[in-house]
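# Coordinates in review
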Amino acid sequence: MARSKALLRSAAQEEHADPGRILKKANLELLDGNEMFMFITVFLGILNVRTGELTYGNAAHVSPILIDKEGRCELVELPPGKPLGIRKQGGYETQRRLLLPGDSLLVFTDGVTEAESGAKGFYGEERLLSLLRSLSPANGTAAAPLSPAPPAAGAARYVEAVLGGVKSFCAADPRSDDIAVVCVSYLGNEYKKKGIS
Amino acid sequence: MDIFESRKEGWLILELKGRMDAITSPLVREKIAFVIGQGETRILLDCLGLEYVSSAGFRILFEAAYNIQDLKGGIGCYGVNANVRKIFNMADLASEIPIFNTQEEALQG
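Residues numbered from 1 in each chain as written. Chains lettered and ligands numbered in written order. Predicted model: local features only at pLDDT ≥ 70, side-chain atom pairs only at ≥ 80, totals over all residues. Heavy atoms only, no water.

### Details of helix α1 (residues 2–14) of chain A
All names here are of chain A. Helix length check: α1, at 13 residues, gives a terminal C-alpha distance of 19 Å against a target of 18 Å (1.5 Å per residue), a fit within 8%. All buried positions along α1 are accounted for by S4, L7, L8 and A11. Projection of α1 onto a plane perpendicular to its axis shows the buried side chains occupying an angular sector of 100 degrees, all on one side. Exposed side of α1, more than 90 degrees from the buried face: A2, R9 and Q13 are the residues found there. Packed against the buried residues of α1 are α2 (19–31) and β1 (42–47). Downstream of α1 by a residue or two, H16 has a phi angle that is positive, lying close to 55 degrees. (Helix = DSSP H or I, 4+ residues; strand = E, 2+ residues; numbered from the N terminus. Expected span 1.5 Å × (residues − 1). Buried < 20%, exposed > 50% of the residue type's maximum accessible area, 1.4 Å probe, protein only. Arc of directions from axis to C-beta. Contact = heavy atoms within 4.5 Å.)

Below, the structure written as structure tokens:
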């Protein structure tokens, strides 16, 4: 994992912030001496905080979820891409979409949706979406990303809600995979005007 | 995860039942490595009972596909449900293990 992160950082500096090219370069580096057939899945996104443009590429990662300021959730469709460290052949596509102020992007590993409870089965995508929707302003428990509260609180709240939801779902059952959740909220220019960075 | 073995028209058919995740995938890996070690180079995966494939699962399938390709053999699958098909496409696994709708189509290849 540490090597993968270092390779991605190094590739990012050389490939001019193009996610597809960064993934391709990191893949080639990871293949070097990978006799154990170890691989990683990656969602690589670069957010231009001035314009809200998100460029992203995918190496077999699960789709992230885009949550708008009203709390509506959408699975982000990703271009196909092999995991890094698998094979030299094949490329990685770069895609773009514009984030609006108040949008949050929740990225997570499949350990979230795969978390298991003996009695209830697997946590699953639908349960995750339902949890996130329950945090919408319409339900009175919004993360309120455009409120005067510190904006980073919105992203943190989504992460805490997901981790809490999975933990309570699994109760005493052991989890089968590791879990990572990252959330980024795009603030637009609103907070800049108010002097909040 | 259960794996059943049968044979048809020169192909070894491995019927995968259940979920291929971090816990169960090693069983599939072991089985595929074993049959390849026995000389099998034409393998069809019957996925009618395969409910889900996690990242740990598709690692095993990539590995199987490349091992078979190195031996100039063939591998394919059929009966893939919508969830699993989505994962195959997302990971670009479908380009290495062709997906057929039915066993008959797979056998005709």
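### Some details on the nonpolar core
All names here are of chain B. Grouped together as the largest cluster of nonpolar side chains are 36 residues, with contacts concentrated most on M20, L45, V53, F58, L61, F62 and I97. Among the elements of the structure, β2 (11–20), α1 (25–37), β3 (42–53), α2 (55–70), β4 (74–78) and α3 (82–90) are those that each provide at least two residues to this core. The leading source of residues in this core is α2, at 8 residues. In this structure M20 touches M1, S25, V28, L50, Y52, V53, S54, G57, I60 and L61, once residues within four positions along its chain are discounted. (Core = buried A, V, L, I, M, F, W, Y, C linked by side-chain atoms within 4.5 Å.)

### Observations concerning the side chain of H61 of chain A
Positionally, H61 of chain A belongs in the loop between β2 (53–59) and β3 (65–67). A relative accessible area of 8% places H61 of chain A in the buried class. Of note is the side chain of H61 of chain A, whose polar atom sits 2.9 Å from the side chain of T41 of chain A. In this structure, H61 of chain A is in contact with T41, V42, F43, L78, V107, F108 and T109 of chain A together with M90 of chain B, ignoring residues within four places of it in sequence. (Polar contact = N/O pair within 3.5 Å; in protein donor to acceptor, adjacent residues only side chain to side chain.)

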